Amino acid sequence: MAEMIRKSSVDEIVNHWILAGSCILLMITGYAFLFHVESIGSVLGGFNTMKTVHNWLGVVFVLSLLYSMRHYLRDALEYDADDKQWFKVAGGYLSHKVKVPPMGKYNPGQKLYYLVILVFGIVIAISGFGIWFMKDNMTVMLISHLVHNIAFCVFVIAVPVHIYLGTLANPGTFKIMVSGTMPLSEAKKKHPKWIKSVGKV
Amino acid sequence: MTNHWIDLKNSDVILAMGANPASNHPISMKWIMRAREKGAKLISVDPRFTQTSAKADLYAPLRSGTDIAFLGGMINYILTNNLFFKEYVANYTNASFLVNVDYKGPADLDGLFSGYTLETKKYDKASWAFQKDENGISLKDPTLEDPNCVFQLLKKHYLRYTPEMVTDITGTPLDKLMEVYKLFGSTGTPDRVGTECYAMGWTQHTVGTQNIRAMTIIQMLLGNIGMAGGGINALRGESNVQGSTDHGILFHILPGYNPVPNAPLVDLAAYIEKNTPTTKETRSVNWWSNRGKYITSYLKAVYGTAATKENDFGYSWMPKLDVGMNASWLMIFDKMYKGDFDGFFAWGQNPACSGANSNKTRMAMTKLKWLVNVNLFDNETASFWRGPGLNPKDIQTEVFMLPCCSSMEKEGSISNSGRWAQWRYKAIEPIGHSLPDAEIINELYFKVRELYKKEGGAYPDPIVNLSWDYGTQDAAGKVKHVDTHAIAKEINGYFLEDVYDTKVDPPKLIGKKGDLVTSFPTLQADGSTSSGNWLYCNSYIMKEGKPTNMMARRGKDDPTGLGLFPGWTWAWPVNRRIIYNRASVDLQGQPWDPKRPLLKWNATKLAANGKPGVWEGDIPDGPAPPMGTDGKLPFIMKPDGVASIFGAGLMEGPFPEHYEALECPLENNAMSKQRINPTIKIFGDKIDASFSCDARYPFVCTTYRVSEHWQTGCMTRHCSWLLEMQPQNFVEMSFELAKELGMSNGEAVVVSSGRGEVKAVAMITERFKPFKIMNSTVHQVGLPWHFGWQFPEDGSGYDSANLLTPNVGDANTMIPESKAFMVNVRKA
Amino acid sequence: MANDITKNRKAILVTPENCIGCRACQVACKSWNQLPGIKTKNNGTYQNPPDLASAAFNIIKFSEVPSQENPVRWLFLSRRCMHCEDAGCMAICPAPGALYRTAEGAVAFDHDKCISCKLCVNACPFDVPRFDEEGKVSKCNLCADRIGAEMQPSCVKTCPTGALKFGDRNELISAAKKEGFATIYGENDLGGLGTIYAFKDKPKLYGMIENPTIPSSVIFWHSYLKPLSLFGLGGVVAAAALHYLAIGPHKEEEEKKEEV
């Protein structure tokens, strides 16, 4: 068996799944509200229950999101020249022939993605709470409604990209999300700077 | 109403004065608005800019209690500008009659008419009579020129009511006053008709009856009585108050407006003689000459087989008034206050809130040994002993509550203002232990009769001899349940024998024994017919051998297009929809206004008796041909056959004269030295106090109703939907007055009069404006009288406005003057 | 909305000119809809309750305005749901069937389907929807049950003076125009209102909103964000599929080759 290296801690994996799960359910129920998808409502016992589910999932999501800052925020804020180069070659996704610069634990696409999710996650949560709790303030209510929906658009575009890249586009990546570990050999190729920093070279 | 609700749509000018139909008779507005759609004009004259004013084409304010000045000015305007309907006035009114030369009016006697005695506060009316020729027929001057003719006396009387004088008294802006006069005066032409709608705004004054008389004179001058779209129309304040007066609820009249007998009329013959007017006018129908038939048939209905020719048909069993005795509301409560009554049935009423000077009525009830309250709900009357300012420990009155059911829970007729007796059906079963009034009376009757039978008593005859054939009896002879149809049939009356018309040879059978009488001309004075109320004869008749309830008809045909709907229920008399309708045609029987042909003489068509000539349209006031042929005079109820511009019937005089209200802001009546109505009764106890021109009570006040509540609110205050819209007593006042008093809109204030005080929410509005009265400013306020301390239970509705009103009445009717009195308003 | 509904659209025509302020409409509404009485107090005006409430689907607004002729003009205006063609409340409502369009064109509500979010309240240009004690939407539904059974709405049925009329919307409008009313308020506003007003005066005199509009945020959301959220997702999925097919996933082998 190949030597494995732990990329994600257990609590990180658990939290990521909570975050991912709540996010996806929120999006599904969000769509149901937006487009009156009654079948989704029925699965959850009607729109009234669905509203409760959506609201509390929002709480779960935002707590999970805030907790995730422990795992990702520091990395997400650090960029170097290689990151710049990574953008130039579009992470190698538009062609397998280009030379992708050596990466750390996360590539800058992932890091930026995290920042987007963090920012819009907080925004969508705050606006969600606005709709939830500030029903009698018309200005707050209407702004919240607008912002919530703008953030929703960001989510429905960003999240599927993330899922695609984490699954089909990068075979093997999904396994890390389950076990938290990846083969050291592979890590050396994909995250040479990270391996270096943890002294496994 | 001389006319009826729908008929309002036929008017050209509608004067709402003494009434606020938009608030209090919304359905009338349906027809008023229809008239307006066709170009009619609505005039609203009211101290306050009301909901009616808001819809009016012309609004004129006037100070409460000055209607006669306003209307007197209109009479003057009509006469000086020759706007009256000459042919009508000359032929259909007593304008041409010559009055006794001794007659003198207020123009000569400084506010009084001839014949006044200060001590008795009464008039000797001898000088008010007409001059007669040797045959006893009134002398007339058809040219209306004789200085002693009614027309000239009228002119002289109202010449004093100049526009300037009127505005000085009423506070109406001169331009508005003249606009009203001009507009209403425009209906004196044959092709234009004006109507008047009044309610308690006219009646509840010390000069209430004369207010209406003044308008009647105007309507006669303009030829508006008897016309479709005309008349003088009392918008009655209760769905069945017309029925209750028709059926004798007032102390001085029996059903069908027969007078209650008084003590000196010892037998029926004396009663009939006294109460049957005579006339020498050959062409007068003098309908009341039938009095004997009506009263005899009434006695037969009341006492049945016990009423025989030998015992004067039970006349002696009838309760009698002493001469001059007045048993009206104010008198009853005065006597009660003085401790003259042991017991009192408050039946379907709430005197603790509805009585003028309610503190007096509340105190009066403390003197009772027992009180029975028959009502839908417990109210301020039943609970008076725990009311404000009273200590239950001090009150010995035993109170019984008999719950009765509402009109929805029983079957019967309701007579509306237009005199339509409309049959209604039971919608739901009575709730709880409540019973229809008739069932309660039935229970009481048999219990009282039983006691009389068992114990004798002072005079059992009137009770034990009553006919009470209102349903199947139990073994003891008690009627188990009252059959309303049996009552309706008794009211209509029966042929008790085979009745023949003996004027023809051979005598012709008019009615078969046991059948319902067909109409009042068939009633007899010999006891062979019965009728509980002659006016309602024809309301329940035999059709194809079967008793048929005319009041239950629901025909929707309108053959004349005037909205008479002759097949819809039934109107008294004999389904006549507009009374005095013979005045709507000229001497040849052709309608004055061909556009509104209420009645028309068709000279060629054959009548039922085979002779040519029939009336087409409404049921005519009698079948006689028109006056121009060999017909009869149009005003069949009047002995003279014509309408009385000059009428000796009322207490204050033959012409209405302006007097101030008992409580008024003026030291002097601008018209004369006689400040108040010289013939009113003023109660003298401390509790009856009145305060005129008193700095403590500087503001004129009036009371009124709102759409959302009814009377004392006993029914409506219990309906949360209605209470939501009008939750609290309020007092409306002008911005000017509010500023003077430092009050702001919506704050609680106290309104006080010399008799009591009541809390109210200040409603500050542009709809009240200060009046300019003889160069000084007079403020008026007003408040509704729907509230009472008992409900809402938290007292948030405040108490009744009748705590303020004075217990002084009109000289003729004793209706209290709750529409003009003096108050103060202070911050709570 | 389907064409035949527009064609058969029913409406209430309010003619304040004919209103006498008797408020029978307020009571009739409560009676038919079985709404409870509201505990109110007198605020120095006849108008009560002061505004629409969960238990007051319609009210008469009493206003006093200056007059040249008289001490004052006293105006009575029936205030109620406008049953807009472009109904802000319906657009924003996230719960299917909570607010719905009846065959007659009324905006009705379903108490059970409402999720109490109150978005409709804030999207209504006329401040109409109210919430009851259970937090459910409550407003005039044009007596959907009555008009569905070919009866008039309760308020119209009781109105004694024809200030409220119910019928075919187009017919009501043309009749009002024929009668010479200067303004038919709501004829074209918001795609045409289901409560239209015939005014001789300027609607503003009666306190009517001039040119009512749905809040712009709601329009923006409805016109752009809603489609964007759908097309955004669709676009991403399509792009991913395209990427997968055209370029394909990351392959170890290729990298190896390159490294070599």
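Note that the coordinates shown come from a computational prediction; the quantities given were computed from them, not determined experimentally.

**Student:** Whenever I open this one, the overall build of chain C confuses me. Can you help?
**Tutor:** When you go through chain C residue by residue, the secondary structure sums to 9 helices and 10 strands. Here chain C has a C-alpha radius of gyration of 25 Å; the compact-globule value for 260 residues is 18 Å, and the former is much larger. Counting only C-alpha atoms and orienting by the principal axes, one finds that chain C spans roughly 100 × 40 × 40 Å. Expressed as a percentage of its 260 residues, the buried residues of chain C come to 57%. Expressed as a percentage of contacts within chain C between residues at least 6 apart in sequence, the contacts between residues at least 24 apart total 57%. Summing over all exposed atoms, chain C offers an accessible surface of approximately 11300 Å²; the carbon and sulfur share of this is 55%. The average position of the 30 basic charges and that of the 29 acidic charges among the side chains of chain C differ by 8 Å.

**Student:** Is there a simple way to explain the pattern of salt bridges in this structure?
**Tutor:** Proximity of charged atoms lets side chains of opposite charge pair with each other. Applying the stated criterion to the full structure yields 51 salt bridges over all chains. Between K140(B) and E281(B) there is a salt bridge whose closest N-O contact spans 3.0 Å. Of this pair, K140(B) sits in the loop between β5 (122-123) and α7 (150-159) while E281(B) sits in the loop between α13 (268-275) and α14 (291-303), and the two are 141 residues apart along the sequence. Residue classification places K140(B) among the partly exposed residues on the basis of a relative accessible area of 36%. The shortest N-O distance in the salt bridge between K176(B) and E69(C) comes to 3.1 Å. You can see K176(B) sitting in helix α9 (residues 174-185) and its partner E69(C) sitting in the loop between β2 (59-65) and β3 (73-79), one on each of two chains. By relative accessible area, K176(B) is classed as buried at 7%. Take E69(C): its relative accessible area is 52%, and that puts it in the exposed class. One continuous salt-bridge network, built from bridges that share partners, spans D334(B), K338(B), K360(B), D685(B) and D688(B).

**Student:** Explanation requested: the sheet that holds strand β19 (residues 570-571) of chain B in the structure shown.
**Tutor:** Working definition: the strands of a sheet are paired by backbone hydrogen bonds and lie parallel or antiparallel to each other. All names here are of chain B. Spatially, β13-β14-β19 is the arrangement adopted by the 3 strands of the open sheet, whose pairing is antiparallel. On the outer flanks of this sheet lie β13 (412-415) and β19, each paired with one strand and no other. As paired strands, strand β14 (residues 420-424) and β19 are joined by 2 bridges and run antiparallel to one another. Within the sheet, the bridge partner assigned to A421 lies in β19 and is W570.

**Student:** Could you clarify how one ought to interpret the domain arrangement of chain C in this entry?
**Tutor:** Many analyses report the size of an interface as the accessible area lost when the parts associate. Under the domain assignment used here, chain C contains domain 1 (3-206) and domain 2 (216-259). For domain 1 of chain C versus domain 2 of chain C, the distance between C-alpha centres works out to 47 Å.

**Student:** How do you make sense of the domain arrangement of chain B when you look at a structure like this?
**Tutor:** All names here are of chain B. Along its sequence, chain B is organised into domain 1 (5-237) and domain 2 (686-827). Between the C-alpha centres of domain 1 and domain 2 the distance comes to 28 Å. Of the roughly 2200 Å² buried at the junction of domain 1 and domain 2 (both faces included), carbon and sulfur atoms supply 51%. Taken as a group, R48, Q204 and T206 account for 30% of the area that domain 1 buries against domain 2, more than any other trio of residues on that side. Ionic pairing is found between E732 and R48, a salt bridge with its closest N-O pair at 2.8 Å. Our count for the domain 1 to domain 2 interface comes out at 13 residue pairs in polar contact (both at pLDDT 80 or more). When contributions to the side of domain 1 that touches domain 2 are tallied by element, the ones reaching two or more residues are α1 (21-24), α8 (163-170), α10 (200-203) and α11 (208-221). When grouped by side-chain class, the residues that make up the side of domain 1 that touches domain 2 number 8 nonpolar, 16 polar and 3 charged.

**Student:** What is the right way to read the environment of S744(B) from this model?
**Tutor:** Following the sequence through the fold, S744(B) ends up in the loop between α22 (735-741) and β24 (748-752). Not counting residues up to four positions away in its chain, the partners in contact with S744(B) are A762(B) and I764(B).

**Student:** Looking at this structure, I do not really get empty space enclosed by the protein. What am I missing?
**Tutor:** The gaps of empty space that remain are located by a probe, the size of a water molecule, rolled over the atoms. All names here are of chain C. Evaluation of the coordinates by the stated rule reveals 12 cavities of 30 Å³ or more. When its volume is computed, the largest cavity comes out at roughly 100 Å³. Taken together, 16 residues line the largest cavity, and the ones lying closest to its centre are C19, C22, C25, C159 and A163.

**Student:** Teacher, can you tell me more about the arrangement of the chains here?
**Tutor:** Looking across the 2 pairs of chains in contact, one finds the most contacts between chains B and C. The two partners chain A and chain B share no contact, and the minimum distance between any of their C-alpha atoms is 24 Å.

**Student:** What should I look at first to understand the interface of chain C and chain A in this one?
**Tutor:** The interface is formed by 39 residues belonging to chain C together with 40 residues belonging to chain A. When residues of chain C are sorted by the area they lose upon contact with chain A, P96(C), I115(C) and N122(C) head the list and together hold 16% of the total. Where chain C packs against chain A, one counts 1 salt bridge. We note a salt bridge from K118(C) to D136(A), for which the minimum N-O separation is 2.8 Å.

**Student:** When you look at unusual backbone geometry in this model, what are you seeing that I'm missing?
**Tutor:** Most peptide bonds adopt trans geometry, and most residues besides glycine take a negative phi value. Residue and element names in this part refer to chain B. The omega torsion across D505 and P506 is 0 degrees, close enough to zero to call that bond cis. Within the fold, P506 resides in the loop between β15 (499-501) and β16 (508-511). Each neighbour pair has its own omega, and for W572 with P573 the value is -10 degrees, a cis peptide bond. Positionally, P573 belongs in the loop between β19 and β20 (599-606). Although it is not a glycine, M814 sits at a positive phi angle of roughly 65 degrees. One can find M814 in the loop between β28 (780-784) and β29 (821-827).

**Student:** In this structure, what is going on with the environment of Y59(B)? I would like to understand it.
**Tutor:** Structurally, Y59(B) can be placed in strand β3 (residues 58-60). Here Y59(B) falls in the buried class, since its relative accessible area comes to 2%. Apart from residues no more than four positions distant in its own chain, Y59(B) is found in contact with S44(B), D46(B), P47(B), R48(B), F49(B), S53(B), K176(B), N70(C) and P71(C). Separated by 2.9 Å, the side chain of Y59(B) and the backbone oxygen of D46(B) make a polar contact. Reaching out from Y59(B), the side chain makes a polar contact with the backbone nitrogen of F49(B) at a distance of 3.4 Å.

**Student:** Can you walk me through the packing of helix α4 (residues 67-80) of chain B against α7(B) in this structure?
**Tutor:** Describing two packed helices takes the angle between their axes plus the distance from one axis to the other. Residues and elements named next belong to chain B. Two elements in contact, α4 and α7, have axes whose closest approach is 9 Å; the angle formed by their N-to-C orientations is 125 degrees. Taken together, α4 and α7 sit at an angle that is classed as oblique. In this structure, α4 crosses over α7, and the sense of that crossing is left-handed. Counting all contacts with α4, which are made through G72, I75, N76, L79 and T80, the residues of α7 involved are F151, L154, K155, Y158 and L159. Here the residues of the contact of α4 with α7 are counted per class, giving 6 nonpolar, 3 polar and 1 charged.

**Student:** Would you mind going over the side chain of S467(B) with me for this structure?
**Tutor:** Residue and element names in this part refer to chain B. Its place among the elements puts S467 in the loop between α19 (461-464) and α20 (484-492). Residue classification places S467 among the buried residues on the basis of a relative accessible area of 17%. S467 has contacts with A301, V302, Y303, G304 and E490, leaving out every residue within four places of it along the chain.

**Student:** I keep staring at the sheet that holds strand β10 (residues 343-347) of chain B and nothing clicks. Help me out?
**Tutor:** All names here are of chain B. If you trace the 3 strands from one edge of the open sheet to the other, you get β10-β11-β12, paired in parallel fashion. A strand with exactly one partner marks an edge of an open sheet, and here the two such strands are β10 and β12 (398-403). On average, adjacent strands in this sheet sit at an angle of 15 degrees to one another, irrespective of strand direction. Across 5 bridges, the pairing between β10 and strand β11 (residues 370-375) is parallel. Across the sheet, residue F345 finds its bridge partner in β11, namely V372. Along the sheet, helix α18 (residues 437-455) contacts β10, β11 and β12; its crossing angle with β10, the most-contacted strand, is approximately 155 degrees.

Thresholds, definitions, all that
Residues numbered from 1 in each chain as written. Chains lettered and ligands numbered in written order. Predicted model: local features only at pLDDT ≥ 70, side-chain atom pairs only at ≥ 80, totals over all residues. Heavy atoms only, no water. Helix = DSSP H or I, 4+ residues; strand = E, 2+ residues; numbered from the N terminus. Rg over C-alpha atoms; globule rule 2.2 N^0.38 Å. Buried < 20%, exposed > 50% of the residue type's maximum accessible area, 1.4 Å probe, protein only. Contact = heavy atoms within 4.5 Å. Areas by Shrake-Rupley, 256 points an atom, 1.4 Å probe, with all protein chains shown as cover. Lys, Arg positive; Asp, Glu negative; His and termini not counted. Charge placed at Lys NZ, Arg CZ, Asp CG, Glu CD. Salt bridge = Lys/Arg side-chain N within 4 Å of Asp/Glu carboxyl O. Pairing = 2+ DSSP bridges. Domains from an automatic or database assignment. Buried area = accessible area lost by both parts, 1.4 Å probe. Polar contact = N/O pair within 3.5 Å; in protein donor to acceptor, adjacent residues only side chain to side chain. Nonpolar A, V, L, I, M, F, W, Y, C, P; charged D, E, K, R; others polar. 1 Å grid on protein atoms, 1.4 Å probe; cavity = no way out; pocket = protein on both sides within 12 Å on 5 of 7 lines; lining within 4 Å. Points joined across faces, edges and corners; volume = space filled by probe spheres on them. Axes fitted to C-alpha atoms, helices over the stretch in contact; angles between N-to-C directions. Parallel < 35°, antiparallel > 145°, perpendicular 65-115°, else oblique. Left-handed = near helix turned anticlockwise from the far one by under 90°.

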